[in-house]
Every structure is written in structure tokens, then in C-alpha cells.
Amino acid sequence: MNTDFLNSIIQRQYQQQVVPSNEMIANWAQSLLNLIFPERSASTNHTQEVLQGVFFELKEELQHILRSTKDCHNNREKLIADSFFEVLPEVYRKLNTDLLAIVQGDPAAKSEFEIIRCYPGFFAIAMYRFAHELYLLDVPHIPRIITEAAHSLTGIDIHPAAKIGEYLYIDHGTGLVIGETTIIGNHVKLYQGVTLGALSVDKNQSNTKRHPTIGNHVIIYSGATILGGDTLIGDHSIIGGNVWLTKSIPAGSTVYHQAEVTIKENKKD
């Protein structure tokens, strides 16, 4: 084996940022989701005392993850873990609004159980909401690892820094992208293939708002692309499939992509 090649790998070992494995972090987040939504578990029969114990174990595990993350070595592990679990009831409340939005919005949804157990949109939203709270607590690396784990499983890419309101409904979701500085209001419906992205990917714009703002009660259908930090989609607007938008639209707008479809009947022999 080439010596320079081996030395370059050894050098990277010395330079790497020490962080627990992606699997450990993702498993912690999924264990938390399984606990607050027992529909995801095969069987549960927890008393309050048992629940308190399991939450304590998950808090301890979060502290261990933080303590094992090099950039978190500032003796804030307990404070961060305590703060996260203090806001967990509010996260749970928001997730129940997301669940209700799917129940009321998807005619194919037969029950809450089906959504909690099966729907990739609900899973991705839950992982985002956990990650977002850790992001707000200035935790490095871990929030992105959580959302990327969800991205790998669902095809739904939500940056943990995005600001998302309540009653979010993601239908199917595959190929959905929500960028870092996106702001989404309440009662928004997003379908598969939607991109809420940036007009430019210049590195010098990393500290600016690059992604759009979506108002309340907005529906964005599959394949639509909305770009730019100054782009505002007004309340109660409908964005049709495959629309490309780089400018703001007022409240109550309907935007659609008009394509011409030609049907030619094949002649039979």
C-alpha cells in the first residue's frame, strides 16, 4: 500500500473532530420518539414511575453524547440536556398538531396509528423538531446528524435551523428539501419533490437569509421549486406542481405551471 496514502489517512485521524457515531445519535433520537409515541413500539405498559426512569436514562444518554462530542467540551452537558427535556412537552404538543394535520389532510390515512408507525413525513418532522431544539441550544454537529439520519431513511431533507410552525403536513415527501434559513408558517402542506432553496450557493452568503418564507395555510404541490431569501409566499396561496418561483406573491394567490400535452392515437394495423 502506498505510504503517502496511509500517512494522509493517519493525519486525518489526528485532525478529526471527535463525535459519537451517527448510529448512536440517531438511535437516541428514535428511542425518544418511540417513547413519546408508544404506537411505534411493539408493546408498552409503562407506569408514571417507569416512564420517569426511561426519560432519565435518555437524558443521561444525551449527556453522554454531548460529553463525547469534542466541540461540546464546555461543561454544559447537563444544562443542555435539562433544557432540552424541559421543552420536550412543547415539542410533543407541536408534533400532535402535525399528526392532526395529516389525519385531516390525507384521505388515505386510516388512523393516527398508521401515520405514526408508517408515514415518512411524520417521522422526518419529528426528527427535525428534536434536532431544531438542540440547534437552538447551540449544540454542534448532533442536530445535523439527526436530520440527515431521517433524510437517509425518508428522502426528506430538512435543515435543523429552519423555522417551522405548527400543523405541518408532508405528503409522501420523497425528494423534499427545506433549506437552512427557510421560514414556514402554520397549516402548510408540502408534497413530494418540493424544494425551498437558495438562489445562490456562494459561500460568502452563509450568514444571510437565502431561503424563502412560506406564509400560513399555504399548499405547495409536487415538484415546485421556490428559491431566494427575499421570496415570500403569502398566506392562503396555492403553488401548483412543477412551478419555478424566485419572487414573492401576495396572499391568496394561485400559481400554476401550464404545460401543453399532446395525445396522439396510434393507428392499428
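What you see is a predicted model, and the numbers here were worked out from it, not measured in a lab.

Reading guide: rules and limits
Residues numbered from 1 in each chain as written. Predicted model: local features only at pLDDT ≥ 70, side-chain atom pairs only at ≥ 80, totals over all residues. Heavy atoms only, no water. Patch = residues over 30% accessible without salt bridge, like charges linked within 9 Å, V, L, I, M, F, W, Y side chains within 5 Å. Areas by Shrake-Rupley, 256 points an atom, 1.4 Å probe, with all protein chains shown as cover. Salt bridge = Lys/Arg side-chain N within 4 Å of Asp/Glu carboxyl O. Helix = DSSP H or I, 4+ residues; strand = E, 2+ residues; numbered from the N terminus. Buried < 20%, exposed > 50% of the residue type's maximum accessible area, 1.4 Å probe, protein only. Pairing = 2+ DSSP bridges. Axes fitted to C-alpha atoms, helices over the stretch in contact; angles between N-to-C directions. Parallel < 35°, antiparallel > 145°, perpendicular 65-115°, else oblique. Contact = heavy atoms within 4.5 Å. Nonpolar A, V, L, I, M, F, W, Y, C, P; charged D, E, K, R; others polar. Phe/Tyr/Trp six-rings, centres within 6.5 Å; stacked < 30°, edge-to-face > 60°.

Attention shifts here to a nonpolar patch on the surface. A contiguous nonpolar surface patch, about 430 Å² in accessible area, is contributed by Met1, Phe5, Leu6 and Ile9. With respect to the helices and strands, Met1 occurs in the segment before helix 1 (3–15). Classification of Met1 as exposed rests on a relative accessible area of 79%.

What follows is about the pattern of salt bridges. Within the structure shown, the criterion is met by seven salt bridges. The salt bridge involving Glu90 is made with Arg93; its shortest N-O contact spans 2.8 Å. Linking Glu90 with Arg93, this pair stays in helix 4 (residues 77–105), spanning three residues, or about one helical turn. Its relative accessible area of 35% is what places Arg93 among the partly exposed residues. Residues Arg129 and Asp98 are paired through a salt bridge, measuring 2.8 Å at the closest nitrogen-oxygen approach. Within this pair, whereas Arg129 is found in helix 6 (residues 120–136), its partner Asp98 is found in helix 4, the two being separated by 31 residues in sequence. For Arg129, a relative accessible area of 4% gives the class buried. The buried category is assigned to Asp98, whose relative accessible area is 0%.

A few words on the sheet that holds strand 11 (residues 232–233). Here four strands make up an open sheet; going across it, the order is 2-5-8-11 and the pairing parallel. The sheet terminates laterally at strand 2 (163–164) and strand 11, the two strands that pair on one side only. Two strands pair when backbone bridges link them, and strand 8 (residues 213–214) and strand 11 are joined in this way by two bridges, in the parallel orientation. Within strand 11, the position partnered with Ile214 by the bridge is Ile233.

By the element assignment, Ile145 lies in helix 7 (residues 142–154). A C-alpha to C-alpha distance of 24 Å links Ile145 and Ser200, two positions 55 residues apart in sequence.

In contact at an axis separation of 8 Å, helix 6 and helix 7 are set at 170° when each is read in the N-to-C sense. Taken together, helix 6 and helix 7 sit at an angle that is classed as roughly antiparallel. Within the contact between the two elements, helix 6 uses Pro120, Phe123, Ala124, Met127, Tyr128, Ala131, Leu134 and Tyr135 and helix 7 uses Ile142, Pro143, Ile146, Thr147, Ala150, Leu153 and Thr154. The class makeup of the residues in the contact of helix 6 with helix 7 is 13 nonpolar, two polar and no charged.

Attention now moves to the packing of aromatic side chains. Tallying each qualifying case throughout the model produces eight aromatic pairs. Here Trp28 and Phe84 contribute two aromatic rings whose centre-to-centre distance is 5.7 Å and whose plane-to-plane angle is 55°, an arrangement assigned as tilted. Residue Trp28 is located in helix 2 (residues 22–36), and its partner Phe84 is located in helix 4; the two are separated by 56 residues in the primary sequence. Among the residues examined, Trp28 registers a relative accessible area of 1% and is labelled buried. Here the aromatic rings of Phe37 and Phe122 are separated by 5.3 Å at their centres, their planes lie at 85°, and the arrangement is edge-to-face. In this pair, Phe37 sits in the loop between helix 2 and helix 3 (48–67) while Phe122 sits in helix 6, placing the two residues 85 residues apart along the sequence. The same class applies to Phe37 as to Phe122, namely buried.

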